[in-house]
Each structure stands twice: as C-alpha cells, then as structure tokens.
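Inside the fold
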Amino acid sequence: MPDLKIAVVGAGLMGADHVIRITERIAGARVSVIVEPDESRAQAALAHAPGAMHFTKLEDALAAGVVDAVLIATPGQFHEPVLFPALAAGIPILCEKPLTPTPEASLRILEAEQAAGAVVGHKLIQVGFMRRFDAEYIELRDLIVAGTAGELLALNCAHRNGMVPDSYTNSMLIEDSVVHEIDVVRFLTDSPIVAIEVKHGKRNTLSPDHLNEPIFVLLYTESGVLANVEMNVSVQFGYQVKTEAVFQKGIAEIGRTAGMTLWQDGRYGGVENASFKTRFAAAYDNQIQRWVNATKRGEIDGPSAWDGYLASAACAAGVTALTTSELVDVVYVERPAFYN
Ligand code: ISE
C-alpha cells in the first residue's frame, strides 16, 4: 500500500514535532505538504520532510491533489477554518486538542462531519488527546476496569508546566491545559463530567503578571468519582503530569519521572522532562501510528469529534468556574446517532 500523504497544518512547536515524528518514526506515511504562513517556520519544518511542498492555505494544497489526510496542529482558535475545507474534501483528519475552543464551534464541526460522513460512510475526525495512548494511562484504565483494587473512588492529578509563553492566557489554564484531564478523567472513569469547580491557591509571583495560578480544579463525574487537579504552569523546574488513583483497597500512581536515578557527591536524583514533547513522546508516536493505520481502513482509532465536543462543553463550564469560583454544571447536547 502506498504511503499516506499527510498535510501538516501549522509548523509551530507541536506541528514541527509531528513532522519529525512522521518522517523518522511513523511507518506507512510521509509528510507531503506543510501548510504554514510563516516562511521561516515552514522552511525549518521542510528540512525534516524530504520532498514535501509548502503552501500557505490548506485549500491550495487540496486543489493540488497531493494530500490524503490532514494533521491540524495550529493553535486551537484556528482549527475551525481548517477543519471545514478538510471535511468538505472528505479526507481523514487528526486534529490536535482542543477540537475548538468553544462548544458552539465544536457543534458546527459535528454537523459538518456528519454531512461529510454521510457521503464517505465513516467518521473523519480523530482528536489529539494523546494521553489516551500513554502506556501508563492505559494500564491504569485496565486496572479500573478489572476492579482488582476495588472500586475507583477518586483521582488526584498534578499537571505542572515549567513555564508558558506570553500568549498563554488565564482561560487557557482550562481550555489548553486542564482540557487534558477533562478528557482523560472521562477515559479512565467512563463517566461524563457533570460539574466543575475551581479554587485559587496562593498565587505564584514567578507566574506571568496576567496569570492567576496555580489553580485547583474539581471535576465531578456522574459516577461520583471526584478528580482533583492541581494546574500549575510556572513550576520552573520542568514538566510533570502525575495521577494518583484512590481505590477501595489500594492506591495506584502513574507519571513518575522515568529514567536512571544517580547517587553521587552526597546527592541523588534523575533528570526531569522539560516539556510535553518528551514526557508524551511515546504516546504521540503511538497515537499517530494508530491513526495512520486506521485511516487506511477508513476508520478512526481514538477520540472522536464527539469526545472533542464533550471536552469543549466541560471547558466552557470550567472557564465560568474559573471566574466565579462557583460550582458550575456542565451542559451537553444529546449525542447524534452518528457518534454511537
Ligand atoms: C499544551 O498545549 C499541551 O497540550 C500540554 O500537554 C499541556 O501540558 C500544556 O499545559 C498545554 O499548554
């Protein structure tokens, strides 16, 4: 079977990383196009994509007939205008999280996908919630399902970034960062998030002036399992994502820093990840390989646009909770049959 020709849209931090990943580690696919308005970013990415063409608009690449599938890695607010032409072309899409920043926009995407799906006969969008492809999250989910430690009661989650760029806003604490816990808590518990509450701790003065964090987010699931998330984007020392699961008969912990521990000169320790690019490298590889394989079968193999919508709806409640400090209910529309 010929290589899947992928257009990577957006060659920023994540897009550039995916270009290298597809070229060097993914079987059965190659980057045929880079869509990026910034010339220097595009050139830097093209250096890792032999034979790829450069366009500034996805529509032009689609018209040139050199694209079988699209990987969208622009910032979230630019997903919608890229999703529409890709859906109209009826080709498979891997869209980085969040699907869209608002539930209203996600609903527009669901409609467009159902229209395109009626023609091609299957779903077209997979959303890049890569934690679902991380070996430890999968192991934890298996433990929850097996029930050998008893019923799951609660989750204590820590999501810590060393620092964030100036463009990162307060609402992105929820929409760009906690969105991962919003999705993965549902993945782990198989239960929708029904309400969200946000508390502010003592502000970190090392945080950019416009941010008020760390925050502590309570995600209430329909099952009764409560997830408590420390969201902290100014920890300075590195990147950490950890979860402790509290069961009736035990505790499970995932996300401890992997690698060698060195004892020397009266000290011991290891090396902490600097960013999500290394912490979740294997999960990203796994996600993209499975997506490539699935597209060749006319399927997706991971979170759908419906999962993306559920996360956007929960994020909208989360952003309200962030500004009001109240417990905010999450409101969802009924699931269309297409997503059953
Ligand atoms: C970033 O966009 C990501 O998706 C990372 O996984 C997350 O840890 C970070 O907080 C976000 O800004």
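Small disclaimer: the values here were computed from a predicted structure and weren't measured.

**Some thoughts on the domain arrangement of the protein**
- Domains assigned within the protein are domain 1 (4-130 + 282-303) and domain 2 (131-279 + 314-329).
- A C-alpha centroid distance of 26 Å is found between domain 1 and domain 2.
- If you look at the interface, domain 1 gives 18 residues, while domain 2 gives 12 residues.
- Across the domain 1/domain 2 interface, buried area totals approximately 1,500 Å², and carbon plus sulfur atoms make up 66% of it.
- On the domain 1 side of the contact with domain 2, K97, F129 and M130 bury the most area, a combined 38% of that side's loss.
- At the boundary of domain 1 and domain 2, one finds one salt bridge.
- Broken down by secondary-structure element, the contributors of at least two residues to the side of domain 1 that touches domain 2 are α1 (13-25) and α9 (281-296).
- The leading source of residues in the side of domain 1 that touches domain 2 is α9, at five residues.
- Residue composition of the side of domain 1 that touches domain 2, grouped by class: 10 nonpolar, four polar and four charged.

**Description of the packing of helix α5 (residues 103-120) against helix α10 (residues 305-324)**
- As a packed pair, α5 and α10 sit with axes 8 Å apart at the nearest point and diverge in direction by 165°. Considering their axes alone, α5 and α10 lie roughly antiparallel with respect to each other. Classified by chirality, the crossing of α10 by α5 is left-handed. Mapping the contact onto sequence places P103, S106, L107, L110 and E113 in α5 and A305, W306, G308, Y309, S312, A313 and A316 in α10.
- Split into classes, the residues belonging to the contact of α5 with α10 amount to eight nonpolar, three polar and one charged.

Criteria and cut-off values
- Residues numbered from 1 in each chain as written.
- Predicted model: local features only at pLDDT ≥ 70, side-chain atom pairs only at ≥ 80, totals over all residues.
- Heavy atoms only, no water.
- Domains from an automatic or database assignment.
- Contact = heavy atoms within 4.5 Å.
- Buried area = accessible area lost by both parts, 1.4 Å probe.
- Salt bridge = Lys/Arg side-chain N within 4 Å of Asp/Glu carboxyl O.
- Helix = DSSP H or I, 4+ residues; strand = E, 2+ residues; numbered from the N terminus.
- Nonpolar A, V, L, I, M, F, W, Y, C, P; charged D, E, K, R; others polar.
- Axes fitted to C-alpha atoms, helices over the stretch in contact; angles between N-to-C directions.
- Parallel < 35°, antiparallel > 145°, perpendicular 65-115°, else oblique.
- Left-handed = near helix turned anticlockwise from the far one by under 90°.

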